[in-house]
Amino acid sequence: MLLADFANPWGLIDWSSGQNGWFDTQDVWQIGGPDALGEKGRYITAQFDKAFLNPGYPRMFVNFLSYAGGYWPKTSSQALMDRSIYPYLVARTRQRARFGIVPMDFPDFHVNVLQMLIDKNFV
């Protein structure tokens, strides 16, 4: 599949870091405040909930689990997994869900989260 983030004459699907006719994307990568990673975790789980609660939604959900905002990416990634993503998924282990595309940094360091996301295909 080819995506483009620019005007083009080829009819490629328009990529969006928000919403368009094809995608509903959560891509908040930098937040200020005392609990930036907690806030990013809330964006992530809200997008998971939106995907779960709208199985007939015509757009593809994309939910970026990465966060840059001044933290070392591996550290922020681990904090997000431990504080928000893993507890969210564990609480819904037996719940069938359609979460869409879930890009993440360092998936090999979060095998438990990766496996839980894959397992959602077989609940």
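The following paragraphs examine the structure supplied in this document. (Residues numbered from 1 in each chain as written. Predicted model: local features only at pLDDT ≥ 70, side-chain atom pairs only at ≥ 80, totals over all residues. Heavy atoms only, no water.)

With that settled, the discussion passes to the overall build of the chain. Regarding its fold elements, the chain presents three helices and four strands. When its helices and strands are written in sequence order, the chain yields β-β-β-α-β-α-α. When the backbone C-alpha atoms are referred to their principal axes, the chain occupies close to 45 × 35 × 25 Å. Classification of the 123 residues of the chain by burial places 37% in the buried group. Long-range pairs, those at least 24 residues apart, make up 63% of the contacts in the chain with a sequence separation of at least 6. (Helix = DSSP H or I, 4+ residues; strand = E, 2+ residues; numbered from the N terminus. Buried < 20%, exposed > 50% of the residue type's maximum accessible area, 1.4 Å probe, protein only. Contact = heavy atoms within 4.5 Å.)

Let us now look at a nonpolar patch on the surface. On the surface, Leu-114, Ile-118 and Phe-122 cluster together to form a nonpolar patch covering roughly 300 Å² of accessible area. Here Leu-114 is to be found in helix H3 (residues 111–119). Owing to a relative accessible area of 31%, Leu-114 belongs among the partly exposed residues under this scheme. (Patch = residues over 30% accessible without salt bridge, like charges linked within 9 Å, V, L, I, M, F, W, Y side chains within 5 Å. Areas by Shrake-Rupley, 256 points an atom, 1.4 Å probe, with all protein chains shown as cover. Salt bridge = Lys/Arg side-chain N within 4 Å of Asp/Glu carboxyl O.)

Let us now look at the pairing of strand S4 (residues 60–63). Inspection of the sheet shows strand S3 (residues 23–26) paired to S4 by four bridges, in the parallel sense. Bridge pairing in S4 places Thr-25 opposite Val-62. The parallel pair S3 and S4, bridged by helix H1 (residues 36–53), forms a crossover whose chirality is right-handed. (Pairing = 2+ DSSP bridges. Right-handed = clockwise from strand over helix to strand, strands pointing away.)

Shape descriptors only; they carry no functional weight alone.
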